[in-house]
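# Analysis of the macromolecular model
Next come the chains, spelled out residue by residue.
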Amino acid sequence: MAAVGVGGSAAAAGPGAVSAGALEPGSATAAHRRLKYISLAVLVVQNASLILSIRYARTLPGDRFFATTAVVMAEVLKGVTCLLLLFAQKRGNVKHLVLFLHEAVLVQYVDTLKLAVPSLIYTLQNNLQYVAISNLPAATFQVTYQLKILTTALFSVLMLNRSLSRLQWASLLLLFTGVAIVQAQQAGGGGPRPLDQNPGAGLAAVVASCLSSGFAGVYFEKILKGSSGSVWLRNLQLGLFGTALGLVGLWWAEGTAVARRGFFFGYTPAVWGVVLNQAFGGLLVAVVVKYADNILKGFATSLSIVLSTVASIRLFGFHLDPLFALGAGLVIGAVYLYSLPRSAVKAITSASASASASGPCIHQQPPGQPPPPPQLSSRGDLITEPFLPKLLTKVKGS
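Residues numbered from 1 in each chain as written. Predicted model: local features only at pLDDT ≥ 70, side-chain atom pairs only at ≥ 80, totals over all residues. Heavy atoms only, no water.

## Concerning the overall build of the protein chain
Definition in use: Under the DSSP-based scheme used, a helix requires at least four consecutive residues in state H or I and a strand at least two consecutive residues in state E, with every element numbered from the N terminus. Residue exposure (1.4 Å probe, protein chains only): buried if accessible area is under 20% of the type maximum, exposed if over 50%, otherwise partly exposed. All accessible areas in this document rest on Shrake-Rupley with a 1.4 Å probe, and a residue is counted as covered only by the protein chains that are shown.
In terms of helices and strands, the protein chain carries 14 helices and four strands. Of all 398 residues assigned to the protein chain, the portion counted as buried reaches 44%. For the protein chain, the exposed surface amounts to about 20100 Å²; the carbon and sulfur share of it is 68%.

Shown next as structure tokens:
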């Protein structure tokens, strides 16, 4: 299950959220810098550590744990965590929590049932990730998995009638080219690999995971746009379906083996680390993304690819050759270009056109006039705004 993200503005925090007011300029600058660096670090560590930890746990000698049980445990932990956070929001009042959940989950059952489809897809996606990472080097998976940007963009155009800029279409083509080069390097035998790995199965799994990720994200946005439910409520609802669907998948794929060997067969501290990373990492990123603009998220993705590659060389003996470096470089560049807000793209385009027409010039703000207000810009399914800390105050009854 992918954690539901927190909106990037105060309005996205839901009804009842009130801005705490303007901060002093100095404190605002210092606060936004700290939050920016913290957001970057969290996104990089989460993006890289989950893949590396799964790869490490799946390649350890000895008994191999059942991936389906790890998916179920992550869903259970996410759901319990969201339930506790909702309990805290109700100030520890069990009666209020029960009434709230009865109204949100049972009375409004139509909204709850709408989450069954994305939950099913997210559960499938999580299982596919284990298959892909078990059959591909961590660095190769990290690069190839960026195809989810392409699938999300295409589904946004088809399902939400969104338009992409020329630069974004060019970056998607660049992204596809980079992934194709990396896969060509993998198919060409980029270094030794264990005999139990199947690169073809790994590629099929990661492509299916990217398709499911793109569709589920756009579908989720389409059916819940304008919903007033909190991020924790939505993740709890997803967790309920995810746990049930995960158990069905466990029974269908590995039910006999799990019944014979036990649910926690093969669990080691490394496996529990993977489960905890999946369970809490997604929720943590959902909160952190609130303070991260598109450029920062693109930069974090690029850094996580570099970090995964370096760690794979040291931990798993990954062989880095020029072909992989070229493909990874194209993917990193494509991610950065795609994450640029349209306002920045228009500014760059206008500046280039002006420079080519009249030579270099410096545009100054007329004296005595205040600077123009910051502009919101939209890219695909995300809306970005200037990076500022969003401080929310609690409202009675929230």
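## Focus on the environment of N135
Looking at the element boundaries, N135 is found in helix α5 (residues 116-135). Here the alpha-carbon distance between N135 and A201, two residues 66 residues apart in the chain, equals 6.9 Å.

## Comments concerning helix α10 (residues 231-261)
Quick note on the threshold: Helix span, expected: 1.5 Å multiplied by one less than the number of residues in the helix. At every residue, the bend is computed as the angle between two fitted axes, covering the seven residues ending there and the seven beginning there respectively.
Between its first and last C-alpha, α10 extends only 37 Å over 31 residues, short of the 45 Å set by a 1.5 Å rise per residue. The sharpest bend along α10 measures roughly 90° and falls at E254. Following α10 by one or two positions, G262 has its phi on the positive side, about 105°.

## A short note on the pattern of salt bridges
This is how the line gets drawn: Every case where a carboxyl oxygen of Asp or Glu lies within 4 Å of a side-chain nitrogen of Lys or Arg is listed as a salt bridge.
This structure, assessed with the given rule, holds one salt bridge. A salt bridge links D111 to K114; its shortest N-O distance comes to 3.8 Å. Here D111 pairs with K114, and both are found in helix α4 (residues 109-114), just three residues apart, close to one helical turn. D111 sits in the partly exposed class, given a relative accessible area of 25%. The exposure class of K114 is partly exposed, given its relative accessible area of 32%.

## What about the nonpolar core?
This is how the line gets drawn: Nine residue types can take part in a nonpolar core, namely buried Ala, Val, Leu, Ile, Met, Phe, Trp, Tyr and Cys, and a core is a set of them joined through side-chain atoms within 4.5 Å. Pairs of residues are marked as contacts when any of their non-hydrogen atoms sit within 4.5 Å.
Membership of the largest hydrophobic core comes to 46 residues, with the highest contact counts inside it found for Y130, F141, L172 and L175. Sequence-distant contacts of L175, that is, excluding residues within four places in its chain, are made with Q146, L147, I149, L150, V331 and A334. Core analysis: the second largest hydrophobic core is formed by ten residues, C82, L101, L233 and L236 among them.

## Notes on the packing of helix α8 (residues 166-187) against helix α13 (residues 322-339)
Note the cut-off: For helices, the axis comes from a line fit to the C-alpha atoms of the stretch in contact; other axes are also lines fit to C-alpha atoms, and the angle between any two N-to-C directions lies between 0 and 180 degrees. Geometric relationships in this document are graded by angle, where less than 35 degrees denotes roughly parallel, more than 145 denotes roughly antiparallel, 65 to 115 denotes roughly perpendicular, and other angles denote oblique. Two helices cross in a left-handed way if the nearer one is turned anticlockwise from the farther one by less than a right angle. They cross in a right-handed way if the turn is clockwise. Amino acid classes used here: Ala, Val, Leu, Ile, Met, Phe, Trp, Tyr, Cys and Pro are nonpolar; Asp, Glu, Lys and Arg are charged; the rest, including Gly, are polar.
Taken N-terminus to C-terminus, the directions of α8 and α13 make an angle of 160°; their axes are 8 Å apart at the nearest point. Classified by the interaxial angle, the pair formed by α8 and α13 is roughly antiparallel. α13 is crossed by α8, and the crossing has left-handed handedness. Among the residues forming the contact of α8 with α13, the class breakdown is 17 nonpolar, seven polar and no charged.

## Some details on the UniProt feature "transmembrane region" (unreviewed entry) in the protein chain
The criterion, for reference: UniProt positions are given in the numbering used here, feature names are shortened, and annotations may be inferred rather than shown by experiment.
Following the UniProt record, one finds the feature "transmembrane region" (unreviewed entry) at residues 36-54, 66-88, 167-188, 200-220, 232-252, 264-289, 296-317 and 323-340. Between the end C-alpha atoms of residues 66-88 there is a gap of 34 Å, over a span that is 96% helix and 0% strand. From the first C-alpha to the last, residues 296-317 spans 30 Å; its make-up is 95% helix and 0% strand.

## A few points about the packing of aromatic side chains
The cut-off we apply is this: Two rings from Phe, Tyr or Trp (for Trp, the six-membered ring) form a pair when their centres are within 6.5 Å of each other. A pair whose planes differ by under 30 degrees is stacked, one over 60 is edge-to-face, and the rest are tilted. In our convention, an over-ring charge means Lys NZ or Arg CZ found within 6 Å of a ring centre and within 35 degrees of that ring's normal.
If you walk through the whole model with that rule in mind, you get eleven aromatic pairs. The interplanar angle of 25° and the centroid separation of 5.8 Å between the aromatic rings of F215 and Y219 together place this pair among those described as stacked. Residue F215 and its partner Y219 are located together in helix α9 (residues 199-224), separated by four residues, close to a single helical turn. When its relative accessible area of 26% is taken as the criterion, F215 is described as partly exposed. Members of the aromatic cluster, connected to one another through ring pairs, are F65, Y130, F263, F264, Y267 and W272. Sitting over the ring of F316, R55 keeps its end group 6.0 Å from the ring centre.

## A short note on the side chain of Q146
Using the following cut-off: Definition of a polar contact: a pair of N or O atoms within 3.5 Å, with one able to donate and the other able to accept a hydrogen when the atoms are protein atoms, and with sequence-neighbouring residues admitted only if both atoms are side-chain atoms.
Assignment of secondary structure puts Q146 in the loop between α6 (138-144) and α7 (147-160). A polar contact is formed between the side chain of Q146 and the backbone oxygen of Q142, at a distance of 2.9 Å.

## A short note on the packing of helix α2 (residues 67-89) against α5
The relative placement of two packed helices comes down to the angle between their axes together with the axis-to-axis distance. Running from N to C, α2 and α5 point in directions that differ by 135°, and their axes come no closer than 10 Å. Relative to α5, the element α2 is oriented oblique. Between α2 and α5 lies a crossing whose hand is right-handed. Side by side, α2 and α5 meet where A67, T68, A70, V71 and E75 of the first sit next to T123, N126, N127 and Y130 of the second. Of the residues that constitute the contact of α2 with α5, the class distribution is four nonpolar, four polar and one charged.

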